[in-house]
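Observations on the three-dimensional arrangement
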Amino acid sequence: MALAARAARVWGSRRGWRQHPRWQQEQHFSSLDDKPQFPGASAEFVDKLEFIQPNVISGIPIYRVMDRQGQIINPSEDPHLPQEKVLKFYKSMTLLNTMDRILYESQRQGRISFYMTNYGEEGTHVGSAAALDNTDLVFGQYREAGTTAFREQKQMGGPGRFQPGSRLTSECKEGSNTRTEENQCVLMYRDYPLEQFMAQCYGNVNDPGKGRQMPVHYGCKERHFVTISSPLATQIPQAVGAAYAAKRANANRIVICYFGEGAASEGDAHAGFNFAATLECPIIFFCRNNGYAISTPTSEQYRGDGIAARGPGYGILSIRVDGNDVFAVYNATKEARRRAVAENQPFLIEAMTYRIGHHSTSDDSSAYRSVDEVNYWDKQDHPISRLRHYMQSRGWWDDEQEKAWRKQSRKKVMEAFEEAERKLKPNPSLLFSDVYQEMPAQLRKQQESLTRHLQTYGEHYPLDHFEK
Amino acid sequence: MAAEAAAAGRLWLSACRAGGHWRRLCSAGLLRGFLQPASAVGDAARRRQLAHFTFQPDPEHQDYGQTQKMNLFQAVTSALDNSLAKDPTAVIFGEDVAFGGVFRCTVGLRDKYGKDRVFNTPLCEQGIVGFGIGIAVTGATAIAEIQFADYIFPAFDQIVNEAAKYRYRSGDLFNCGSLTIRSPWGCVGHGALYHSQSPEAFFAHCPGIKVVVPRSPFQAKGLLLSCIEDKNPCIFFEPKILYRAAVEQVPVEPYNIPLSQAEIIQEGSDVTLVAWGTQVHVIREVASMAQEKLGVSCEVIDLRTILPWDVDTVCKSVIKTGRLLISHEAPLTGGFASEISSTVQEECFLNLEAPISRVCGYDTPFPHIFEPFYIPDKWKCYDALRKMINY
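Residues numbered from 1 in each chain as written. Chains lettered and ligands numbered in written order. Predicted model: local features only at pLDDT ≥ 70, side-chain atom pairs only at ≥ 80, totals over all residues. Heavy atoms only, no water.

Concerning the domain arrangement of chain A
- Each assigned domain of chain A is listed with its residue range as follows: domain 1 (58-296 + 303-359 + 376-422) and domain 2 (428-465).
- One C-alpha centre belongs to domain 1 of chain A, the other to domain 2 of chain A; they are set 36 Å apart. (Domains from an automatic or database assignment.)

Structure (structure tokens):
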């Protein structure tokens, strides 16, 4: 008995001492009871040697609601969203598209240093963002700008914060326009102001990120969009931790974590999936499978059936959806959210889509794919045109409104753009702050040495563009 | 004391990764038949080496209330207990922490605070740290354990590229300041390449995190509590050879020892000796040897926080003594002694009477059977000190 108790301490309560391998040898099993006893798997024996064939010819099917022409296929799957909401979907996607065109051009003209467009993937951002609560935490990769459009300012600082005094919401200012961030499509959906997108891209005094990161590395505390970082997939286990904390806080919130099919190859993705499942976290893993990781096509990224097929390997409920169908994305995300928070378990959504634009302004994708391929997606299967057909068939939109909106959105973007360009950059002393919460003595010395250096050599530095 | 330390070292490593098979063989009775006791063999040289240091407890601290005799792992448990008691958001996680941990640092905590607060994670260091960052981003307190500092490297990206830069890159919109990573550290007598490393130098090069190494149970509890409460992500390295070997009176209630403050544990006038963790006890002994054999008075400094480090205390001491010896187990090249040496020669050049001496591990991986030759023991430190005095 003492030995059993010691074994129990060693092996832990989750297994129970009766399943300790040493104990199995000494236990008396009924000869009729020939079932496997291994703690590691719940399965039957088989006496035929056969390898399981991975199914990649006919993979996990792709859920969709609309066909490529924007017609509802199965009316019972139509979410029957009100006109106002569908219009918001459309305007978020198109405003993002307009902003992308202008900012891409501005990089080509040397006005900002770098940019990444979202062409073709707007449906994944808006459909998913619209299905979340405004206070659900978003961890993105870098191509989710559309997700912040839907988050209304007036819901900032509302009830149900993660923790009492949580840093996430403690500094929310209701109705405040200064320094609020309206980030790209996920952010666009949460009403992140254009000025804030631009401020970050220009790294000007209004950038809440204080000019520290390359363009498109947005973040917004009020809209619960965690600041983007360049390393891929690092956000995945972090999102899981945040979801665990949300569960503990009984916050009735989930976390959504976006990443591409390329990032899903990183070890961090494997870590995140496994932790989410074993620790029972209310999280949605949203994979944008857009066919390319810079120049690497999916055939060189994985050999299995995409990312959705990996979910069951971790014990995660998974689905594959047509990412260019904003209603399919919406329905899947909505249901996943409902169940994630009710059942405290993760969900994996693989949204199939296509990256119409280049990876970034540092890429020319004609080097590795044909113009015909790109044109097909741009012309024949685009989330914006599919939604437009849907709206037009209901009489909610027409060519005149389209023309007027294009003009209006372009004007809005240009105004914000020119405004952002005129602004100064932040004071160079902001190079040194926020490394720690408090500035260490050695760093203060370094800051002072730069100040002295600029006093003598300032003419060689672009001080005129920076706030004094 | 030293024999105890060596015996203790043998016992725990066999309890975890390295020696599980030994216990099974013993209990199967296979070895009793043909193994003879070591003394019967008769050759003292074949007996395992005694520890290279003698732990010296500090005098009992009166200012913090009732104290209890604790070893280093019990002091860690006490700090964790205090933290979970006063901070309802605090959680502890990592490999094998649920049953108490391979070094018993988390014994009893799961029963006391619940399985949602003290729990095992899958075997994945990058996941452990990434997960911990995520908890901290929401404002909850995350105390992650990495089972051995030797295995912290899969988490290097999450620590250096993410945790350290979270506040800076977001313009202070987000941070993971409530993350603390604890990990057993340093030589243990037989740990070899992968159970002996002291990786503090890798992290010292990373602005945005704090790196702390205690020398004793009392220091460990106070420093760990400070790390947990600090608003920046911290790495707390626990010298594993001291887990059982170091015993002293430790306050039961919580208390803090400030970070980024070195401690002068013995004042002196001729040479400044700087170390951290286990090595502090080595240089303390060297200071006694120097006094006894050479009549040299040493000022002994425990650095305690590696990053950000207390430049002022070390420089003030060197200005007084004119000589500096820094010692650590980690390899010489690029070790943290290089940083101290470089800064001190910048700040105190004209005060130096001799080149700064670094007594460190060799530039090799940490060997197994050669450990007694590898480590910067008191004889090497004494010899370097003697050369400095005679320079």
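Moving on from the model shown.
Details of the environment of B:Gly277
Residues and elements named next belong to chain B.
- Mapping Gly-277 onto the fold places it in the loop between strand E10 (271-275) and helix H12 (279-294).
- Looking at Gly-277, the relative accessible area reads 0%, which means it is buried.
- Taking the C-alpha atoms as reference, Gly-277 lies 8.7 Å from Leu-303; in sequence the two are 26 residues apart.
- For Gly-277, the contacting residues outside a window of four places in its chain are Trp-185, Val-213, Pro-214, Arg-215, Pro-239 and Asp-302. (Helix = DSSP H or I, 4+ residues; strand = E, 2+ residues; numbered from the N terminus. Buried < 20%, exposed > 50% of the residue type's maximum accessible area, 1.4 Å probe, protein only. Contact = heavy atoms within 4.5 Å.)

Description of the interface of chain A and chain B
- Each partner contributes to the interface: chain A provides 51 residues, whereas chain B provides 53 residues.
- Roughly 4,200 Å² is buried in total at the junction of chain A and chain B, and carbon and sulfur atoms are behind 57% of that figure.
- The interface formed by chain A and chain B contains two salt bridges.
- Applying the counting rule to chain A against chain B returns 21 residue pairs in polar contact (both at pLDDT 80 or more). (Buried area = accessible area lost by both parts, 1.4 Å probe. Salt bridge = Lys/Arg side-chain N within 4 Å of Asp/Glu carboxyl O. Polar contact = N/O pair within 3.5 Å; in protein donor to acceptor, adjacent residues only side chain to side chain.)

Brief notes about the domain arrangement of chain B
All names here are of chain B.
- Partitioning chain B into domains gives domain 1 (67-251) and domain 2 (263-390).
- Each of domain 1 and domain 2 was reduced to a C-alpha centroid, and the two centroids are 27 Å apart.
- Each side of the interface is counted separately: domain 1 has 28 residues, and domain 2 has 26 residues.
- Each partner contributes to the roughly 2,100 Å² buried at the junction of domain 1 and domain 2, and carbon and sulfur atoms together form 59% of this total.
- Summed over the shared surface of domain 1 and domain 2, the result is two salt bridges.
- Here Arg-215 ties to Glu-263 by a salt bridge, and the two come within 3.1 Å at their closest N and O atoms.

Quick look at a nonpolar patch on the surface
- On the surface, a nonpolar cluster with roughly 380 Å² of combined accessible area is contributed by B:Ile369, B:Phe370 and B:Phe373.
- Here B:Phe373 shows up in helix H15 (residues 371-374). (Patch = residues over 30% accessible without salt bridge, like charges linked within 9 Å, V, L, I, M, F, W, Y side chains within 5 Å. Areas by Shrake-Rupley, 256 points an atom, 1.4 Å probe, with all protein chains shown as cover.)

What about the packing of aromatic side chains?
- The final tally for this structure, using the stated rule, is 38 aromatic pairs over all chains.
- In this structure an aromatic cluster arises from ring pairing among A:Phe89, A:Tyr189, A:Phe327, A:Tyr330, A:Tyr390 and A:Trp396.
- The ring of A:Trp405 carries A:Lys91 above its face, with NZ or CZ at 4.8 Å from the centroid.
- Its end group placed over the ring of B:Tyr168, A:Arg212 keeps NZ or CZ at 4.3 Å from the ring centre. (Phe/Tyr/Trp six-rings, centres within 6.5 Å; stacked < 30°, edge-to-face > 60°. Lys NZ or Arg CZ within 6 Å of the ring centre and 35° of its normal.)

Brief notes about the UniProt feature "domain: Transketolase-like pyrimidine-binding" (unreviewed entry) in chain B
- When the UniProt feature table is mapped onto this chain, "domain: Transketolase-like pyrimidine-binding" (unreviewed entry) is found at residues 70-245 of chain B.
- Across residues 70-245 of chain B, the secondary structure splits into 38% helix and 16% strand, with the terminal C-alpha atoms separated by 10 Å. (UniProt positions renumbered as here; feature names shortened; annotations may be inferred.)

A look at the sheet that holds strand E2 (residues 137-139) of chain A
Residue and element names in this part refer to chain A.
- The strand order across the open sheet formed by seven strands is E1-E9-E10-E6-E5-E2-E4, and the pairing between neighbours is parallel. The strands lining the two open edges of the sheet, one partner per strand, are strand E1 (62-63) and strand E4 (225-226).
- Along the sheet face, helix H7 (residues 235-248) touches E2, strand E5 (255-260) and strand E6 (283-289) and points at about 170° away from the line of E5.
- Each of E1, E5, E6, strand E9 (317-322) and strand E10 (347-352) is contacted by helix H10 (residues 326-343), which is oriented at about 165° to E9, the strand it contacts most. (Pairing = 2+ DSSP bridges. Axes fitted to C-alpha atoms, helices over the stretch in contact; angles between N-to-C directions.)

Digging into helix H12 (residues 383-393) of chain A
Residue and element names in this part refer to chain A.
- For H12, a buried count of eight out of eleven residues is recorded, marking the element as mostly surrounded by other parts of the structure.
- Every buried residue belonging to H12 is among Pro-383, Ile-384, Ser-385, Arg-386, Leu-387, Arg-388, Tyr-390 and Met-391, and all of these are buried.
- For H12, the elements touching its buried residues are helix H3 (83-108), helix H4 (122-130), E9, H10 and helix H13 (399-422).
- Trailing H12 by a residue or two, Gly-395 shows a phi angle of about 75°, which is positive.

Concerning unusual backbone geometry
- At the junction of B:Leu307 and B:Pro308, the peptide bond is cis and its omega measures out at -15° in the coordinates.
- With respect to the helices, strands and loops of the structure, B:Pro308 is situated in the loop between strand E12 (305-307) and helix H13 (311-321).
- Not every positive phi belongs to a glycine, and A:Val216 is a case in point at roughly 70°.
- With respect to the helices and strands, the residue A:Val216 is situated in the loop between helix H6 (194-202) and E4.
- For A:Ala233, which is not glycine, the phi torsion reads 70° and is therefore positive.
- Considering the arrangement of structural elements, one finds A:Ala233 in the loop between E4 and H7.

A short note on the pattern of salt bridges
Residue and element names in this part refer to chain A.
- Taken as a whole and assessed by the stated rule, the structure comprises 43 salt bridges over all chains.
- Here Arg-386 and Asp-381 are joined by a salt bridge, their closest N and O atoms 2.7 Å apart.
- Arg-386 gets classed as buried once you look at its relative accessible area, which sits at 1%.
- Overall, Asp-381 belongs to the buried group, its relative accessible area being 5%.

Examining the packing of H3(A) against H13(A)
Residues and elements named next belong to chain A.
- Axis separation between H3 and H13 bottoms out at 9 Å; the angle between their running directions is 50°. Looking at the two axes, H3 sits oblique to H13. Judged by the sense of rotation from one axis to the other, the crossing of H3 with H13 is right-handed. Residue-level contacts link Tyr-90, Lys-91, Thr-94, Leu-95, Thr-98, Met-99, Ile-102, Leu-103 and Ser-106 of H3 to Glu-402, Trp-405, Ser-409, Arg-410, Val-413, Met-414 and Phe-417 of H13. (Parallel < 35°, antiparallel > 145°, perpendicular 65-115°, else oblique. Left-handed = near helix turned anticlockwise from the far one by under 90°.)

Structural notes on the environment of A:Gln235
Residue and element names in this part refer to chain A.
- Its place among the elements puts Gln-235 in helix H7.
- Here the alpha-carbon distance between Gln-235 and Arg-369, two residues 134 residues apart in the chain, equals 29 Å.
- If we skip the residues at most four places from it in the chain, Gln-235 touches Phe-139, Gly-140, Gln-141, Cys-257, Tyr-258 and Phe-259.

Some points on the confidence of the model for chain B
- Confidence in the prediction for chain B averages 92 pLDDT; 88% of positions are at 70 or higher.
- Here residues 13-23 of chain B is a poorly scored stretch, pLDDT under 50, and it has 17 contacts once near neighbours within four places are set aside; other chains count. (pLDDT = per-residue confidence, 0-100.)

Brief notes about a negative patch on the surface
- A contiguous patch of negative charge on the surface is contributed by B:Asp312, B:Glu339, B:Glu346 and B:Glu347.
- With a relative accessible area of 57%, B:Glu346 lands in the exposed category. (Lys, Arg positive; Asp, Glu negative; His and termini not counted. Charge placed at Lys NZ, Arg CZ, Asp CG, Glu CD.)

Notes on the side chain of A:Thr227
- Relative to the helices and strands, A:Thr227 resides in the loop between E4 and H7.
- Among the residues examined, A:Thr227 registers a relative accessible area of 8% and is labelled buried.
- Once you skip the residues sitting within four places of it in the chain, A:Thr227 turns out to touch A:Gln213, A:His217, A:Tyr218, A:Gly219, B:Arg169, B:Ser170, B:Leu173 and B:Phe174.

Description of the pairing of E10(B)
All names here are of chain B.
- Burial analysis of E10 places five of its five residues in the buried class, which makes it a mostly covered element.
- Burial along E10 is two-sided: Val-271, Leu-273 and Ala-275 and Thr-272 and Val-274, pointing in opposite directions, are all buried.
- Relative to strand E13 (residues 324-331), E10 runs parallel, the two being bridged by three bridges. When the sheet's bridge partners are listed, Thr-272 is paired in E13 with Leu-324.

Some details on the sheet that holds strand E11 (residues 298-302) of chain B
All names here are of chain B.
- In space, the five strands of this open sheet follow the order E9-E11-E10-E13-E14, with mixed pairing throughout. Every other strand in the sheet has two partners, leaving strand E9 (263-266) and strand E14 (357-361) as the edge strands with one partner each. Shown here is a sheet whose adjacent strand axes are inclined to one another by a mean of 25°, direction ignored.

What to know about the packing of H3(A) against H10(A)
Residue and element names in this part refer to chain A.
- Relative orientation of the contacting elements H3 and H10 amounts to 115°, with a least axis distance of 12 Å. Judged by the inter-axis angle, H3 sits roughly perpendicular to H10. For the pair H3 and H10, the crossing hand works out as right-handed. In this structure, H3 contributes Lys-85, Val-86 and Phe-89 to the contact, and H10 contributes Val-326, Phe-327 and Tyr-330.
- The residue inventory of the contact of H3 with H10, partitioned by class, reads five nonpolar, no polar and one charged. (Nonpolar A, V, L, I, M, F, W, Y, C, P; charged D, E, K, R; others polar.)

Regarding the state of the cysteines
Residues and elements named next belong to chain B.
- Within this structure, the stated rule accounts for zero disulfides over all chains.
- Free cysteine Cys-176: the closest other cysteine sulfur is in Cys-234, separated by 10 Å.
- Here Cys-206 is not cross-linked by a disulfide; its sulfur's nearest cysteine counterpart is in Cys-176, at 11 Å.
- Taking the relative accessible area as the measure of exposure, Cys-206 reaches 2% and is therefore buried. (Disulfide = S-S within 2.5 Å.)

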